[in-house]
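Residues per chain, in single letters:
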Amino acid sequence: MGGEAYLNLGKPNNGGTKLFSVSGHVNRPGNYEVPMGTPFAKLLEMAGGMRGGRKLKAVIPGGSSAPVLPADVMMDCTMDYDSIAKAGSMLGSGAVIVMDETVCMVKALERLSYFYFEESCGQCTPCREGSGWLYRVVHRIEHGQGRPEDLDLLNRVTDNMMGKTICALADAAAFPVRSFIKHFKSEFEYHIENKKCLVDPEVQRMGSGFFKAGAA
Ligand code: SF4
């Protein structure tokens, strides 16, 4: 039907359709092609809604490097570049990771940070050293050895990584750390103060454990 007709499927400045790969705590994880500008709530409904009828907690809307967004922010978003950017994240690859109330955000970030630490090729010092620091500091918070100054330390490490390397992996490692701390700071502070998780371990076991720390 031609380019114009395809563009008109979406909304101004966000034309056409996009494939979203929805994973996590939904009933029907999978790939969904929808017009740009489709409400996130509609995409969630297409993916079968929340598994077990549990409450939505957070969504990573564009692949693991995209900043995480809390449920209330995400539920007001439409699935297009402008709406997600305005909310403070990015549509990126369209890999939508849905997390319910069983997820400990510290553990989730530990898993993500381990991935980027492992992926760093080591060519640039800020990425090689920074990704290791991010993982180690988040790891110690998760395992009850966090220090009150650790959240500032994590943000300072990301400052020294972003925009200072050859490829975008350092930024990709930094975005999750900054956004998890920004939106779920109380969970990190609880871990540091109480040396345990705010989310009851029994509740965490009810989830699939897709954010199980694979790291040693
Ligand atoms: S930023 Fe890219 S090139 Fe530099 S160390 Fe990290 S992965 Fe390697």
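Residues numbered from 1 in each chain as written. Predicted model: local features only at pLDDT ≥ 70, side-chain atom pairs only at ≥ 80, totals over all residues. Heavy atoms only, no water.

Chemist: How would you explain the site of the ligand if you had to name every residue and give the values?
Modeler: The immediate surroundings of the ligand are formed by Ser120, Cys121, Gly122, Gln123, Cys124, Cys127, Thr165, Cys167 and Leu169. Looking at the shell around the ligand residue by residue, the classes come out as five nonpolar, four polar and no charged. (Near = heavy atom within 4 Å. Nonpolar A, V, L, I, M, F, W, Y, C, P; charged D, E, K, R; others polar.)

Chemist: Residues and numbers for the domain arrangement of the chain, please.
Modeler: Reports often express the size of an interface as the amount of accessible area lost when the parts come together. Under the domain assignment used here, the chain contains domain 1 (2–100) and domain 2 (105–206). Each of domain 1 and domain 2 has a C-alpha centre, and the two are 24 Å apart. Taken residue by residue, the interface counts twelve residues in domain 1 and 15 residues in domain 2. At the junction of domain 1 with domain 2, the criterion picks out one salt bridge. Lys57 is paired through a salt bridge with Glu187; the nearest N and O atoms lie 2.5 Å apart. Counting the contacts that link domain 1 with domain 2 gives four residue pairs in polar contact (both at pLDDT 80 or more). Every element with two or more residues in the side of domain 1 that touches domain 2 is listed here: β4 (56–60) and β5 (69–70). Ranked by the residues each element gives to the side of domain 1 that touches domain 2, the list is headed by β4, at three residues. (Domains from an automatic or database assignment. Contact = heavy atoms within 4.5 Å. Salt bridge = Lys/Arg side-chain N within 4 Å of Asp/Glu carboxyl O. Polar contact = N/O pair within 3.5 Å; in protein donor to acceptor, adjacent residues only side chain to side chain. Helix = DSSP H or I, 4+ residues; strand = E, 2+ residues; numbered from the N terminus.)

Chemist: Pulling in residues and values, what's your account of the sheet that holds strand β7 (residues 95–100)?
Modeler: Two orientations exist for strands paired in a sheet by backbone hydrogen bonds: parallel and antiparallel. What the five strands build is an open sheet, ordered β2-β1-β7-β4-β5; its pairing is mixed. One side of each edge strand has no neighbouring strand; the edge strands of this open sheet are β2 (30–35) and β5. Across two bridges, β4 lies against β5 in antiparallel orientation. Paired with Val59 across the two strands is Leu69, which belongs to β5. (Pairing = 2+ DSSP bridges.)

Chemist: Now, about the environment of Val59: what can you tell me, with residues and values included?
Modeler: Mapped onto the elements of the fold, Val59 is located in strand β4. The exposure class of Val59 is buried, given its relative accessible area of 0%. For the pair Val59 and Pro70, spaced eleven residues apart in sequence, the C-alpha to C-alpha distance is 6.4 Å. In this structure, Val59 is in contact with Phe40, Val68, Leu69, Met74, Val96 and Ile97, ignoring residues within four places of it in sequence. (Buried < 20%, exposed > 50% of the residue type's maximum accessible area, 1.4 Å probe, protein only.)

Chemist: Outline helix α8 (residues 169–183), supporting the account with residue identities and numerical values.
Modeler: Taking 1.5 Å per residue as the helical rise, α8 with its 15 residues ought to reach 21 Å, and the 22 Å between its terminal C-alpha atoms agrees with that figure. Most of α8 sits inside the fold, with eleven of its 15 residues counted as buried. Listed as buried for α8 are Leu169, Ala170, Asp171, Ala172, Ala173, Ala174, Pro176, Val177, Ser179, Phe180 and Ile181. Taken together, the buried residues of α8 touch β4, β7, α5 (105–119), α6 (125–142), α7 (150–159) and α9 (185–194). (Expected span 1.5 Å × (residues − 1).)

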